[in-house]
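The primary structure of each chain is shown beneath.
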Amino acid sequence: MSNEIEREILEAVQKRRNFAIISHPDAGKTTLTEKLLLYGGAIHQAGAVKARRDQRKATSDWMEMEKQRGISITSTVLQFAYRNFQINLLDTPGHQDFSEDTYRTLAAADNAVMLIDAAKGLEPQTRKLFEVCRLRGLPIFTFVNKMDRPGREPLELLDEIEQELGLKTYAVNWPIGMGDRFKGVYSRRQKAIHLFERRSHGSKQAQEDVIKLGDPKIEEYLEQELYYQFKEDLEILEELGDDLDLDQVHAGKMTPIFFGSAMTNFGVQLFLEAFLEYALKPEGRNSSVGVLDPTHPEFTGFVFKLQANMDPKHRDRVAFVRVCTGKFEKDMTVSHARTGKTVRLSRPQKLFAQDRASIEEAYGGDVIGLNNPGVFAIGDTIYSGKKLEYEGIPCFSPEMFSYIKNPNPSKFKQFQKGIKELREEGAIQIMYSTDEFRRDPILAAVGQLQFEVVQFRLLSEYGVETHLEPLPYSLARWVKGGWKALEKAGRIFNTIIVKDNWGRPVLLFKNQWGLQQVNSDNPDLKLDVIAPVGAGIEPE
């Protein structure tokens, strides 16, 4: 490969920044996503999630059920340029029932932005997603949101993050006031105070005045009490706080902290600019031939998400591919690691939530959409040149199980197609009874909302009305060694045996006591909470 193309790849990778936003539901994640798009110039007016009927809907919430409920229930990819950077923003579901979709999305991210409600601090789902980020070794940037409402003291929030998550903190900016008295933030990078002017619903960029620290005009703009409180906090930060260490940030051991209000746009642009300076650019990823740097000349990528019916008119299926190395070009022919087949990558798309545009090229750190006529599975690797595979993406143990029934025999084909496509995209896990006479699929979910989404989508996208028959189980464990190991163990009590969509044995338990009994009675039988995964698994 010529030096010119190698230089082109290197320059493109330097400009890429890729991140996922994680948070507890209602922390304001979709609002922050909208405002980052607003400042990136990708949209001209931001839409509130729980907006009035005449306001715009949030760009990232494109599914009909998301619009109805005002929540994010599927991951989306939003790509836009800001100054000299190309940004891939991976918007993840906040709802805990969709944490597996979030995990898959984090597999494609280089950085994570952890959003915290200033009044509530760390919440259960935030902690859970933080652990996933820690497992993946992702740098974490923290945005403390809703400073325009009454909340906890900023120093108290920093202390909570340090104590509970074991992360060092560095406040990149500091709030001046809170609630109705929230006037703006002090940027430690610029040594300047940014005072903001409120705009209606924050639909437009916030107007601001920038005053350098030490400028006597500060006292004209700020009440004396606010100014003295700010000076006191700043002294504490400078004396007792850690210095910013980007090596520790990139290793996931220190989190830069930003304060602001996504709803009113206070501090959003400051966050975006600092993030782009501090964030990790696309890095090497582990594969079957070792760690490959994104500047590796041959194209490689992996499938981290599938989505059916993003365009209901065309009944399409899209594979979300993280470009890992080299240069992707439209119509290029690549090898499919799992099947060994060659695939022509025609009609590649730049993704912007539900909207898509054709693209000609992409580089390490980018996410592209590929038409998926049943070829790809989650975890698949595609490559040009020497054969390799990236690490697979596991399935986690579901906690709720229910038979799903199609009461209308004339809708049999639509029902089968809907179940197959929703299973392929990872909307839910599908299992089957080992009883030959019981043909109904078993939906296996983390939470009730997943069942509701599957039923809603089967009806709205495939025209199939369904009924659920709940099963009294709350734990699933995969059998290491498969059917042979199960046969060797002989008869097993306190469980039922089902098979997952790839025919592997899974034991379902009513409670933890049942699992402990089986472990105690069968010490040689090894059970796993995560499904065994190589790379992508062959879809039926």
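Residues numbered from 1 in each chain as written. Predicted model: local features only at pLDDT ≥ 70, side-chain atom pairs only at ≥ 80, totals over all residues. Heavy atoms only, no water.

(A) Molecular detail of the side chain of Asp117. Looking at the element boundaries, Asp117 is found in strand E4 (residues 111–117). Side chain to side chain, Asp117 and Lys146 meet in a polar contact 3.4 Å long. Residues within four places of Asp117 in sequence aside, it is in contact with Asp26, Ala27, Glu123, Asn145 and Lys146. (Helix = DSSP H or I, 4+ residues; strand = E, 2+ residues; numbered from the N terminus. Polar contact = N/O pair within 3.5 Å; in protein donor to acceptor, adjacent residues only side chain to side chain. Contact = heavy atoms within 4.5 Å.)

(B) Highlighting the packing of helix H11 (residues 412–424) against helix H12 (residues 448–462). The geometry of H11 relative to H12 is characterised by a closest axis approach of 10 Å and an angle of 125° between their N-to-C directions. Classed by the angle they form, the pair H11 and H12 counts as oblique. Between H11 and H12 lies a crossing whose hand is right-handed. Touching Gln414, Lys417, Gly418, Ile419, Glu421 and Leu422 of H11 are Val454, Arg457, Leu458 and Tyr462, all from H12. In the contact of H11 with H12, the residues fall into 5 nonpolar, 2 polar and 3 charged. (Axes fitted to C-alpha atoms, helices over the stretch in contact; angles between N-to-C directions. Parallel < 35°, antiparallel > 145°, perpendicular 65-115°, else oblique. Left-handed = near helix turned anticlockwise from the far one by under 90°. Nonpolar A, V, L, I, M, F, W, Y, C, P; charged D, E, K, R; others polar.)

(C) Molecular detail of the packing of aromatic side chains. A complete count under the given rule lists 13 aromatic pairs for this structure. Here the aromatic rings of Phe302 and Tyr390 are separated by 6.2 Å at their centres, their planes lie at 55°, and the arrangement is tilted. Of this pair, Phe302 sits in strand E14 (residues 300–308) while Tyr390 sits in the loop between strand E23 (381–383) and strand E24 (400–405), placing them 88 residues apart in sequence. Both residues of the pair, Phe302 and Tyr390, belong to the buried class. Against the face of Phe320 rests Lys305, its NZ or CZ located 5.8 Å from the ring centre. Its guanidinium or amino end placed over the ring of Tyr403, Arg438 lies 3.8 Å from that ring's centre, counting from NZ or CZ. (Phe/Tyr/Trp six-rings, centres within 6.5 Å; stacked < 30°, edge-to-face > 60°. Buried < 20%, exposed > 50% of the residue type's maximum accessible area, 1.4 Å probe, protein only. Lys NZ or Arg CZ within 6 Å of the ring centre and 35° of its normal.)

(D) Representation of the confidence of the model for the protein chain within the structure. Mean pLDDT for the protein chain: 83, with 83% of residues reaching 70 or above. Here residues 44–63 is modelled with pLDDT under 50, and outside its nearest four sequence neighbours on either side it reaches 65 contacts, counting other chains as well. The low-confidence segment residues 65–75, where pLDDT is below 50, has 48 contacts with residues more than four positions distant or belonging to other chains. (pLDDT = per-residue confidence, 0-100.)

(E) The packing of helix H2 (residues 29–39) against helix H10 (residues 268–278), seen in detail. Packing of H2 against H10 leaves a shortest axis separation of 10 Å and a crossing angle of 75°. By the criterion of interaxial angle, the relationship of H2 to H10 is roughly perpendicular. For the pair H2 and H10, the contacting residues are Leu32, Lys35, Leu36 and Tyr39 in the first and Val268, Gln269, Phe271 and Leu272 in the second. Residue composition of the contact of H2 with H10, by class: 6 nonpolar, 1 polar and 1 charged.

(F) Representation of the pattern of salt bridges. Enumeration over the complete set of coordinates arrives at 25 salt bridges. Between Glu421 and Lys417 there is a salt bridge, with the nearest N and O atoms lying 3.2 Å from each other. Residue Glu421 and its partner Lys417 are located together in helix H11, separated by 4 residues, close to a single helical turn. For Glu421, a relative accessible area of 6% corresponds to the buried category. Overall, the relative accessible area of 37% leaves Lys417 in the partly exposed class. Measuring nitrogen to oxygen at the nearest pair gives 3.7 Å for the salt bridge that ties Arg438 to Asp440. Each of Glu8, Lys327, Glu329 and Glu361 takes part in salt bridges that share partners, so that together they form one network. (Salt bridge = Lys/Arg side-chain N within 4 Å of Asp/Glu carboxyl O.)

(G) The arrangement of helix H8 (residues 224–240) in detail. Between its first and last C-alpha atoms H8 spans 24 Å; for 17 residues at 1.5 Å apiece the expected length is 24 Å, and the two agree. Of all the residues in H8, the buried ones are Leu226, Tyr227, Phe230, Asp233, Leu234 and Leu237. Projected down its long axis, H8 shows its buried positions confined to an angular sector of 130°, all on one face. The exposed set on the far side of H8, more than 90 degrees from its buried face, consists of Gln224, Glu225, Glu239 and Leu240. Those residues of H8 that are buried lie in contact with helix H6 (154–165), strand E6 (168–171), strand E7 (173–176), strand E8 (184–187), strand E9 (192–197) and helix H7 (218–221). (Expected span 1.5 Å × (residues − 1). Arc of directions from axis to C-beta.)

(H) Expanded view of the sheet that holds strand E27 (residues 467–471). Spatial ordering of the open sheet is given by E27-E24-E26-E25-E29-E30-E28-E31, a layout of 8 strands whose pairing is antiparallel. Unpaired on one side and paired on the other, E27 and strand E31 (527–528) mark the two borders of the sheet. By the bridge criterion, 4 bridges tie strand E29 (residues 496–500) to strand E30 (residues 505–509) in an arrangement that is antiparallel. Of the residues in E30, the one forming a bridge with Ile496 is Leu508. The strands that H11 touches are E24, strand E25 (429–433) and strand E26 (442–445); relative to E25, the one it contacts most, it runs at about 125°. Packing against the sheet, H12 makes contact with E24, E26 and E27, and its axis sits at approximately 20° to E24. (Pairing = 2+ DSSP bridges.)

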